[in-house]
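Below, each chain spelled out in residue letters.
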Amino acid sequence: LRGPINKTIKKLSCDYGITVNLDQACISEMEVNINVALNQPFDKYDKVFQFLAKALPRCYKKNSSYKENRQSSGFSAGNTQILLKFYDKLREARIVIDAPSNLLRIEYRYKCAEKIQRSLNHNSLSKLLNDFDAVKKAFVARINKDIIEAIPKQINKLKKQHAKTLVSAMNEQPKNYID
(Lines give C-alpha, C1' and ligand atoms only; values in the text may rest on other atoms or scores of the structure.)
Protein backbone atom coordinates (compact mmCIF):
# COMPACT_ATOMS: atom_id res chain seq x y z
CA LEU A 1 0.00 0.00 0.00
CA ARG A 2 2.85 2.35 0.82
CA GLY A 3 4.35 1.95 -2.69
CA PRO A 4 1.28 3.06 -4.68
CA ILE A 5 0.71 5.98 -2.29
CA ASN A 6 4.31 7.17 -2.67
CA LYS A 7 4.05 6.80 -6.46
CA THR A 8 0.88 8.91 -6.50
CA ILE A 9 2.48 11.59 -4.29
CA LYS A 10 5.51 11.73 -6.60
CA LYS A 11 3.32 11.96 -9.72
CA LEU A 12 1.28 14.79 -8.22
CA SER A 13 4.47 16.63 -7.34
CA CYS A 14 6.31 16.09 -10.65
CA ASP A 15 3.40 16.45 -13.09
CA TYR A 16 1.27 19.05 -11.35
CA GLY A 17 3.47 20.76 -8.76
CA ILE A 18 1.16 19.65 -5.96
CA THR A 19 2.86 18.88 -2.66
CA VAL A 20 1.10 16.33 -0.50
CA ASN A 21 1.84 15.60 3.15
CA LEU A 22 -0.08 12.59 4.42
CA ASP A 23 1.22 12.77 7.99
CA GLN A 24 -2.13 14.16 9.15
CA ALA A 25 -4.31 12.23 6.66
CA CYS A 26 -7.37 10.50 8.09
CA ILE A 27 -9.26 7.61 6.57
CA SER A 28 -12.91 8.46 6.02
CA GLU A 29 -14.02 5.30 4.16
CA MET A 30 -12.53 1.84 3.89
CA GLU A 31 -13.38 -1.54 2.35
CA VAL A 32 -12.00 -4.76 3.76
CA ASN A 33 -12.77 -8.10 2.13
CA ILE A 34 -11.89 -11.72 1.68
CA ASN A 35 -12.57 -14.24 -1.08
CA VAL A 36 -13.73 -17.72 -0.11
CA ALA A 37 -13.71 -20.65 -2.53
CA LEU A 38 -17.05 -22.48 -2.62
CA ASN A 39 -17.53 -26.14 -3.47
CA GLN A 40 -20.80 -25.52 -5.31
CA PRO A 41 -22.11 -22.70 -7.52
CA PHE A 42 -23.02 -19.61 -5.53
CA ASP A 43 -26.78 -19.94 -6.01
CA LYS A 44 -26.75 -23.40 -4.36
CA TYR A 45 -26.07 -21.59 -1.06
CA ASP A 46 -29.15 -19.37 -1.33
CA LYS A 47 -30.86 -20.85 1.77
CA VAL A 48 -27.65 -20.51 3.77
CA PHE A 49 -27.41 -16.82 2.86
CA GLN A 50 -31.10 -16.29 3.67
CA PHE A 51 -30.49 -17.81 7.11
CA LEU A 52 -27.33 -15.75 7.56
CA ALA A 53 -29.16 -12.52 6.64
CA LYS A 54 -31.71 -13.26 9.39
CA ALA A 55 -28.97 -14.13 11.89
CA LEU A 56 -27.08 -10.84 11.55
CA PRO A 57 -27.17 -8.47 14.53
CA ARG A 58 -29.97 -5.89 14.61
CA CYS A 59 -27.59 -3.06 13.80
CA TYR A 60 -27.72 -4.21 10.16
CA LYS A 61 -31.15 -2.74 9.49
CA LYS A 62 -31.21 -2.32 5.72
CA ASN A 63 -31.08 -5.57 3.73
CA SER A 64 -30.89 -5.96 -0.04
CA SER A 65 -30.74 -9.06 -2.20
CA TYR A 66 -28.90 -9.21 -5.50
CA LYS A 67 -30.31 -11.32 -8.30
CA GLU A 68 -29.14 -11.86 -11.84
CA ASN A 69 -31.13 -13.93 -14.34
CA ARG A 70 -33.44 -14.98 -11.48
CA GLN A 71 -30.52 -16.47 -9.57
CA SER A 72 -29.22 -15.15 -6.28
CA SER A 73 -25.91 -13.40 -6.65
CA GLY A 74 -25.61 -12.04 -3.11
CA PHE A 75 -27.00 -9.78 -0.43
CA SER A 76 -25.99 -6.82 1.67
CA ALA A 77 -26.98 -5.56 5.09
CA GLY A 78 -25.99 -2.33 6.69
CA ASN A 79 -26.70 0.99 8.30
CA THR A 80 -25.34 4.52 8.00
CA GLN A 81 -21.88 3.52 9.28
CA ILE A 82 -21.14 0.05 7.91
CA LEU A 83 -22.21 -2.22 5.07
CA LEU A 84 -21.69 -5.99 5.01
CA LYS A 85 -21.91 -7.72 1.63
CA PHE A 86 -21.85 -11.35 0.52
CA TYR A 87 -21.76 -11.85 -3.22
CA ASP A 88 -20.61 -13.98 -6.12
CA LYS A 89 -17.29 -12.31 -6.91
CA LEU A 90 -16.76 -13.88 -10.30
CA ARG A 91 -20.24 -12.93 -11.49
CA GLU A 92 -19.72 -9.41 -10.17
CA ALA A 93 -16.33 -9.09 -11.87
CA ARG A 94 -17.59 -10.68 -15.10
CA ILE A 95 -14.12 -11.92 -15.87
CA VAL A 96 -12.40 -15.24 -16.20
CA ILE A 97 -9.44 -15.51 -13.89
CA ASP A 98 -7.19 -18.25 -12.60
CA ALA A 99 -9.28 -18.86 -9.49
CA PRO A 100 -11.85 -21.32 -8.21
CA SER A 101 -14.96 -21.28 -10.38
CA ASN A 102 -17.16 -20.52 -7.35
CA LEU A 103 -15.95 -17.57 -5.34
CA LEU A 104 -17.73 -15.85 -2.45
CA ARG A 105 -16.67 -12.31 -1.52
CA ILE A 106 -17.33 -11.17 2.05
CA GLU A 107 -16.88 -7.43 2.27
CA TYR A 108 -17.20 -4.79 4.96
CA ARG A 109 -17.46 -1.18 3.89
CA TYR A 110 -16.77 1.28 6.68
CA LYS A 111 -18.73 4.35 5.59
CA CYS A 112 -17.46 6.98 8.02
CA ALA A 113 -14.34 7.99 9.93
CA GLU A 114 -16.05 7.38 13.30
CA LYS A 115 -16.66 3.70 12.53
CA ILE A 116 -13.06 3.27 11.38
CA GLN A 117 -11.89 5.00 14.56
CA ARG A 118 -13.94 2.61 16.74
CA SER A 119 -12.83 -0.48 14.81
CA LEU A 120 -9.11 0.29 14.51
CA ASN A 121 -8.73 2.59 17.53
CA HIS A 122 -7.57 5.25 15.04
CA ASN A 123 -8.32 6.51 11.55
CA SER A 124 -4.83 7.78 10.74
CA LEU A 125 -3.34 6.76 7.41
CA SER A 126 0.22 6.82 8.76
CA LYS A 127 -0.72 4.53 11.68
CA LEU A 128 -2.51 2.20 9.29
CA LEU A 129 0.55 1.99 7.03
CA ASN A 130 2.73 1.15 10.05
CA ASP A 131 0.33 -1.47 11.44
CA PHE A 132 -1.71 -2.99 8.64
CA ASP A 133 -2.39 -6.04 10.85
CA ALA A 134 -4.84 -3.84 12.76
CA VAL A 135 -7.15 -4.00 9.72
CA LYS A 136 -6.96 -7.80 9.67
CA LYS A 137 -7.68 -7.96 13.41
CA ALA A 138 -10.67 -5.63 13.05
CA PHE A 139 -11.99 -7.70 10.12
CA VAL A 140 -11.68 -10.97 12.06
CA ALA A 141 -13.34 -9.38 15.11
CA ARG A 142 -16.31 -8.22 12.98
CA ILE A 143 -16.65 -11.65 11.33
CA ASN A 144 -16.64 -13.30 14.75
CA LYS A 145 -19.19 -10.89 16.21
CA ASP A 146 -21.50 -10.56 13.22
CA ILE A 147 -21.41 -14.10 11.84
CA ILE A 148 -19.68 -16.74 13.98
CA GLU A 149 -21.39 -15.69 17.22
CA ALA A 150 -24.69 -14.76 15.55
CA ILE A 151 -25.38 -18.14 13.94
CA PRO A 152 -25.72 -20.18 17.18
CA LYS A 153 -27.94 -17.41 18.62
CA GLN A 154 -30.23 -17.60 15.59
CA ILE A 155 -30.35 -21.41 15.77
CA ASN A 156 -31.33 -21.27 19.47
CA LYS A 157 -33.94 -18.62 18.72
CA LEU A 158 -35.46 -20.80 15.99
CA LYS A 159 -35.42 -23.90 18.23
CA LYS A 160 -37.35 -22.00 20.91
CA GLN A 161 -39.84 -20.68 18.35
CA HIS A 162 -40.42 -24.16 16.90
CA ALA A 163 -40.79 -25.73 20.34
CA LYS A 164 -43.32 -23.05 21.30
CA THR A 165 -45.25 -23.61 18.06
CA LEU A 166 -45.30 -27.37 18.62
CA VAL A 167 -46.52 -27.06 22.21
CA SER A 168 -49.19 -24.60 21.12
CA ALA A 169 -50.38 -26.94 18.35
CA MET A 170 -50.43 -29.87 20.78
CA ASN A 171 -52.49 -27.87 23.28
CA GLU A 172 -54.98 -26.78 20.60
CA GLN A 173 -55.50 -30.30 19.24
CA PRO A 174 -54.29 -32.78 21.86
CA LYS A 175 -56.03 -35.78 20.26
CA ASN A 176 -53.85 -35.48 17.18
CA TYR A 177 -50.70 -36.04 19.25
CA ILE A 178 -51.75 -38.91 21.50
CA ASP A 179 -51.51 -42.56 20.41
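That block above? That's the structure.
No experiment lies behind these values; they were computed from the predicted model shown.

Cut-offs applied
- Residues numbered from 1 in each chain as written.
- Predicted model: local features only at pLDDT ≥ 70, side-chain atom pairs only at ≥ 80, totals over all residues.
- Heavy atoms only, no water.
- Salt bridge = Lys/Arg side-chain N within 4 Å of Asp/Glu carboxyl O.
- Helix = DSSP H or I, 4+ residues; strand = E, 2+ residues; numbered from the N terminus.
- Buried < 20%, exposed > 50% of the residue type's maximum accessible area, 1.4 Å probe, protein only.
- Phe/Tyr/Trp six-rings, centres within 6.5 Å; stacked < 30°, edge-to-face > 60°.
- Pairing = 2+ DSSP bridges.

Chemist: With reference to specific residues and values, describe the pattern of salt bridges.
Modeler: Considering all chains together, one arrives at five salt bridges under this definition. For Glu-107, the salt bridge is made with Lys-85, and the minimal N-O distance between the two is 3.3 Å. In this pair, Glu-107 sits in strand 5 (residues 103-110) while Lys-85 sits in strand 4 (residues 82-88), placing the two residues 22 residues apart along the sequence. You can call Glu-107 buried: its relative accessible area is 3%. Because the salt bridges share partners, they merge into one network encompassing Lys-85, Arg-105 and Glu-107.

Chemist: How would you explain the packing of aromatic side chains if you had to name every residue and give the values?
Modeler: Counted by the stated rule, this structure contains seven aromatic pairs. Residues Phe-42 and Phe-49 carry aromatic rings whose centres are separated by 4.9 Å and whose planes lie at 20° to one another, so their mutual orientation is stacked. Taken together, the ring pairs in this structure connect Phe-42, Tyr-45, Phe-49, Phe-75 and Phe-86 into an aromatic cluster.

Chemist: Run through the pairing of strand 3 (residues 71-78), naming residues and quoting values.
Modeler: With respect to burial, strand 3 is a largely interior element, seven of its eight residues being buried. Examined bridge by bridge, strand 2 (residues 62-68) and strand 3 share seven bridges and lie antiparallel to one another. Along strand 3, the bridge assignment pairs Ser-64 with Ser-76. Counting the residues in the hairpin turn of strand 2 and strand 3 gives two residues, including Asn-69, whose phi is positive at 55°. Connecting strand 3 to the antiparallel partner strand 4 that follows it, the hairpin turn spans three residues.

Geometric values such as these leave the question of function open.
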